[in-house]
Amino acid sequence: SDEIEARLCASFEKGLHIDKIGINDDFYGLGGDSLAAMELLVDCKINGLNASDIFAGRTPKEIAKLWHEAHPDGESTPLAELNEKMLRIPQPLTAYQTYMIDYQLYTPLSTMLNLNVMFKVDFDVFPHEKVVSALNKAISNHPALLTRFQYGSGGNFEQVYDPSFVPDLHIEKVDSFEFRFLKDDLVKPFKLFNSRMYRCRIFDVEGQGYVFFDVHHTLFDGTSFQVLLGDMLKSVCDAELEPDYYYAMLYQQESILNSERSREAKEYYEKMYGADDFALKPILDHNSRDNTVGHYSVDMNRYDGALDMIESKYGLGRNAFFNTVVLLSLAIYNKCGNVQCTWTYNGRDDLNKSSMIGLLLKDIPIMLRLHKNDKITEKYKEIQDQVANGLAYSFYPYTVQSARVVEDDRICFLYQRNIRDAGGADFETVEIRQNSSASENAFDVQVLDDSTGLSLTIDYAASLYEETSVEKFASVFIAVFEFLTQSDDDATVIDLVKKVEKQVHAKELFVRWLR
């Protein structure tokens, strides 16, 4: 049999705990998810294979076929060699980077796309010189941080590796009085072109260490924080850092967009999500060109294993479950049976990307068409299938390809743990002021999950929504969440709507819009 097929079958058996896997057995049908896909990649060690290939092919036979089509000459060029070559060649901006620049230019002197953190460092445990050396090494290890944007010869934006951006950090000694005011004046807008897109400073405040890091979102995402802090810890311990092949990834990403798979992805997305009868975000309270940001957060009740029960009973992971909650909440809030949202997926779909810094996240559309007698469990299956297909086609930037800033904004959902977690390290973060802030999307919903339970956070355009409206949406969301974690297999959409209507004390009847 084909060697790639055989390796995949063996890894299927190990990862899914099933004996005698055949070449036509379906990974997703057998209970495989994104976590299992990453475990499969670790085990099979097939160079150039990623999670989107697994969800696109699903069976060892079809996955192997996709791999052979992408690698007609066998194993691909070693990434280190490809990355070294691409570091010397300007690369086009990705569709996500271009969209973010468009949004930044909508409110140009804002810090809407600044990602920043300040955390304490114990200089008794980590001496000054170790902290400086570790941060210099960690930053220098990641080409995205040593990148600048420029205008190319054809007038298009491009990104260029610039080794002059290697940091030269040092300790700044300040007293506590000065630091009290200094720390809230650190976050400032970035110059977008021909400029370094990160800032890093280390302070010694009367013996207490503080590290400040600020970076533009076009070259960094939430998972990148974990990678950077993890590399800092490794460097302090003199451990070897994993290589970062950011520029090889850019080249590969651009190549796949010119392939037959890209055309197939475009057809799927347009057929599935291209209709104009979807509600994409909560109904606006105002129409305004102003751009101000609002923030709303509320703790949710501890779920006491309810999410684990849902995953075990329905095979529904937490991302798929909360996407269901978001869509049902949007339908009830808008009184619209056809709804669509965007799920933000971290984009780490192969082993090399797990140690990579950059804007790797992908926005994947998810939708529901609701009727009053639909069973909730049927909606779970629809969401599951869309998540699997979205992962298969995640390389295609459908949601931002031709999107108009603000006008085409969708409600965006992200489920995550603390983005500043460093793989178990106990860093105490310090609140700092985000000066000149603005909204980067009309309505963002995040569910944060940690040892204390769940919390719901909504970042929204305060120039478009009243706070009372955001509070109402949050109430609907929590009511939907509680219903789904307590309902039985026969629960229908109309059962859900009636329960939510009663719980949020609505004066109007939501049920009138259901068919």
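Preceding this section is the structure that the text describes.
As the structure is a prediction and not an experimental result, all values here were calculated from the model. (Residues numbered from 1 in each chain as written. Predicted model: local features only at pLDDT ≥ 70, side-chain atom pairs only at ≥ 80, totals over all residues. Heavy atoms only, no water.)

Quick word on the sheet that holds strand β11 (residues 412-416)
Alright, step 1. Across the sheet, 6 strands lie side by side as β8-β13-β12-β11-β9-β10; this open sheet has mixed pairing. Each edge of the sheet is formed by a strand with only one pairing partner; in this case those strands are β8 (293-299) and β10 (362-369). With direction set aside, neighbouring strand axes in the sheet form an average angle of 25°.
Alright, step 2. Of the pairings in the sheet, the one linking β11 to strand β12 (residues 443-450) comprises 5 bridges and is parallel in character. The residue of β12 that forms the bridge with Phe413 is Val445.
Alright, step 3. Contacts between helix α14 (residues 376-392) and the sheet are confined to β9 (338-345) and β10, with β10 contributing the most and set at about 155° to the helix. (Pairing = 2+ DSSP bridges. Helix = DSSP H or I, 4+ residues; strand = E, 2+ residues; numbered from the N terminus. Axes fitted to C-alpha atoms, helices over the stretch in contact; angles between N-to-C directions. Contact = heavy atoms within 4.5 Å.)

Quick look at unusual backbone geometry
Alright, step 1. One non-glycine residue with positive phi stands out, namely Asn194, at about 55°.
Alright, step 2. Along the chain, the position of Asn194 falls in the loop between α8 (176-182) and β6 (198-205).
Alright, step 3. The residue Asp238 is not glycine, and still its phi comes out positive at about 60°.
Alright, step 4. Position of Asp238 among the secondary structure elements: in the loop between α9 (222-236) and α10 (246-256).
Alright, step 5. Looking at Asp238, the relative accessible area reads 61%, which means it is exposed. (Buried < 20%, exposed > 50% of the residue type's maximum accessible area, 1.4 Å probe, protein only.)

Considerations on the packing of helix α7 (residues 128-140) against α9
Alright, step 1. Contact geometry of α7 with α9 gives a least axis separation of 8 Å together with a crossing angle of 130°. Here α7 is positioned oblique relative to α9, judged by the angle of their axes. Once α7 is placed against α9, the crossing between them reads as right-handed. Across the interface between the two elements, Lys130, Val131, Ala134, Leu135, Lys137, Ala138 and Ile139 from α7 touch Leu228, Asp231, Met232, Ser235 and Val236 from α9. (Parallel < 35°, antiparallel > 145°, perpendicular 65-115°, else oblique. Left-handed = near helix turned anticlockwise from the far one by under 90°.)

Details of the packing of helix α1 (residues 3-16) against helix α2 (residues 34-44)
Alright, step 1. Running from N to C, α1 and α2 point in directions that differ by 130°, and their axes come no closer than 9 Å. Considered as vectors, α1 and α2 are oriented oblique to each other. The interaxial crossing formed by α1 with α2 has right-handed handedness. Across from Arg7, Leu8, Ser11, Phe12 and Lys14 in α1, the residues of α2 making contact are Leu40, Asp43 and Cys44.

Side note on the packing of aromatic side chains
Alright, step 1. For the structure shown, the criterion picks out 35 aromatic pairs.
Alright, step 2. Residues Tyr103 and Tyr106 carry aromatic rings whose centres are separated by 6.2 Å and whose planes lie at 70° to one another, so their mutual orientation is edge-to-face. Placement of both Tyr103 and Tyr106 in helix α6 (residues 95-106) is noted, with a separation of 3 residues, approximately one turn of the helix.
Alright, step 3. Every member of this aromatic cluster is reached through a ring pair, and the members are Tyr268, Tyr269, Tyr273, Tyr393, Phe395, Tyr396 and Tyr398.
Alright, step 4. Above the ring of Phe190, the side-chain terminus of Arg199 is found at 3.9 Å from the ring centroid. (Phe/Tyr/Trp six-rings, centres within 6.5 Å; stacked < 30°, edge-to-face > 60°. Lys NZ or Arg CZ within 6 Å of the ring centre and 35° of its normal.)

Comments concerning the environment of Leu145
Alright, step 1. Examined against the element boundaries, Leu145 turns out to sit in the loop between α7 and β3 (147-151).
Alright, step 2. A relative accessible area of 2% places Leu145 in the buried class.
Alright, step 3. In the structure, Leu145 is positioned 227 residues away from Lys372 in sequence and 50 Å away in space, judged by C-alpha atoms.
Alright, step 4. When sequence neighbours within four positions are dropped, the list of residues in contact with Leu145 reads Ile139, Phe165, Tyr198, Phe213, Val215, Phe220, Leu228 and Ile357.

All we've got here are geometric facts, nothing functional implied.
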